[in-house]
Amino acid sequence: MRHKKIIALVFMTAIFMTACVESKESATRPEDLWRKNPVDVVSSYVEHLGDKKRLEYVYSDIDLEASKDLTKVNFIDTEEDGKSNELEKIYKNSIESSELISVRPDKNQENNENPIEIKNKNGKTVKLYDPITLEVSFKTNYKENAERALPYEKDYPNERIFMLAKDSNGDYKIISIYNL
């Protein structure tokens, strides 16, 4: 009788461990939880404004031309071309640091399309769910010999509206930034 209980316990433990291993693949790792929070995504973007890492926080799989007919959202242009590379150099050579000052929900949140339909770069229609717009204020510090002026204020808070939506993993990505 005792052997049957031990065998049953081992069997149940094996089933439980298998279930844990299988669910671990779909679970979010603790170090990636910030991706589920739109404020953390915006904060990370602002902190990395002067380097290419900021593009990790942007939804970049958008065919900009094909998507214009599907939605009224003005997307961030993240295409890798000569113009983007030139802007990248200017940012890297000009921005010393950026810091988040404040984030609050935008008063026009209820006007957001849900879902936002876009065409990805493969021509497939994709739906981005739960868009959120945030009023963001941040300060940009420039290097002493900054190459040229950027669209961000040097000594005053920059105020922009960031629109984010969830990608296929449920992570928030920035899809649009425009002036307040």
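Residues numbered from 1 in each chain as written. Predicted model: local features only at pLDDT ≥ 70, side-chain atom pairs only at ≥ 80, totals over all residues. Heavy atoms only, no water.

Things to note about the overall build of the protein chain
Then, number 1: Secondary structure assignment for the protein chain yields four helices and five strands.
Then, number 2: Seen in sequence order, the protein chain has helices and strands lined up from the N terminus as α-α-α-α-β-β-β-β-β.
Then, number 3: With 180 residues in all, the protein chain has 34% of them scored as buried.
Then, number 4: Long-range contacts, defined here as pairs at least 24 residues apart, represent 65% of the contacts in the protein chain between residues at least 6 apart. (Helix = DSSP H or I, 4+ residues; strand = E, 2+ residues; numbered from the N terminus. Buried < 20%, exposed > 50% of the residue type's maximum accessible area, 1.4 Å probe, protein only. Contact = heavy atoms within 4.5 Å.)

Focus: the pairing of strand E4 (residues 158–166)
Then, number 1: With seven of its nine residues buried, E4 lies for the most part within the structure.
Then, number 2: When strand E3 (residues 125–142) meets E4, the two strands line up antiparallel, connected through eight bridges. The residue of E4 that forms the bridge with Leu134 is Phe162.
Then, number 3: Two strands pair when backbone bridges link them, and E4 and strand E5 (residues 172–179) are joined in this way by seven bridges, in the antiparallel orientation. Paired with Arg160 across the strands is Asn179, a residue of E5.
Then, number 4: Connecting E4 to the antiparallel partner E5 that follows it, the hairpin turn spans five residues, and Gly170 within it adopts a positive phi of roughly 85°. (Pairing = 2+ DSSP bridges.)

What to know about helix H2 (residues 38–47)
Then, number 1: The buried count for H2 comes to seven of 10 residues, which makes it a mostly enclosed element.
Then, number 2: Pro38, Val41, Val42, Ser43, Ser44, Tyr45 and Val46 are the residues of H2 that are buried.
Then, number 3: Where the residues of H2 are buried, they touch strand E1 (95–105), E3, E4 and E5.
Then, number 4: The opening residue of H2 is Asn37, an N-cap whose side-chain oxygen sits 2.9 Å from the backbone nitrogen of Val39. (Polar contact = N/O pair within 3.5 Å; in protein donor to acceptor, adjacent residues only side chain to side chain.)

Describing the confidence of the model for the protein chain
Then, number 1: This prediction gives the protein chain a mean pLDDT of 79; 76% of its residues lie at or above 70.
Then, number 2: Confidence, read as mean pLDDT per element, is least for helix H1 (residues 2–24) in the protein chain (51) and greatest for H2 (93).
Then, number 3: The low-confidence segment residues 19–25 (pLDDT under 50) makes zero contacts with residues lying over four places distant or belonging to another chain. (pLDDT = per-residue confidence, 0-100.)

Looking at the side chain of Glu135
Then, number 1: Looking at where Glu135 falls in the secondary structure, it is placed in strand E3.
Then, number 2: Setting aside residues no more than four positions away along its own chain, Glu135 makes contact with Ser102, Val103, Arg104, Pro105, Asp106, Lys107, Arg160, Ile161 and Leu180.

Considerations on the environment of Tyr57
Then, number 1: Mapping Tyr57 onto the fold places it in the loop between H2 and helix H3 (64–67).
Then, number 2: The buried category is assigned to Tyr57, whose relative accessible area is 4%.
Then, number 3: Spatially, the C-alpha atom of Tyr57 lies 6.0 Å from that of Tyr45, the residues being 12 residues apart in sequence.

What to know about the layout of surface pockets
Then, number 1: For the second largest pocket, the calculated volume is near 160 Å³.
Then, number 2: Along the walls of the second largest pocket sit Lys72, Val73, Asn74, Asn111, Asn112, Glu113, Ile116, Met163, Ser176 and Tyr178, which together make up its complete lining.
Then, number 3: By residue class, the composition of the lining of the second largest pocket is four nonpolar, four polar and two charged. (1 Å grid on protein atoms, 1.4 Å probe; cavity = no way out; pocket = protein on both sides within 12 Å on 5 of 7 lines; lining within 4 Å. Points joined across faces, edges and corners; volume = space filled by probe spheres on them. Nonpolar A, V, L, I, M, F, W, Y, C, P; charged D, E, K, R; others polar.)

Topic: the nonpolar core
Soluble globular proteins: nonpolar side chains tend toward being buried together.
Then, number 1: Counting residues in hydrophobic clusters, the biggest one holds 21 residues, and the most contacted among them are Val42, Tyr45, Leu49, Phe138, Phe162, Leu164 and Ile174.
Then, number 2: For this core, the elements supplying multiple residues, two or more each, are H2, helix H4 (82–94), E3, E4 and E5.
Then, number 3: Residue contacts for Phe162: discarding those within four places in its chain leaves Val42, Tyr45, Val46, Ile132, Thr133, Leu134, Val136, Phe138, Ile174, Ser176 and Ile177. (Core = buried A, V, L, I, M, F, W, Y, C linked by side-chain atoms within 4.5 Å.)

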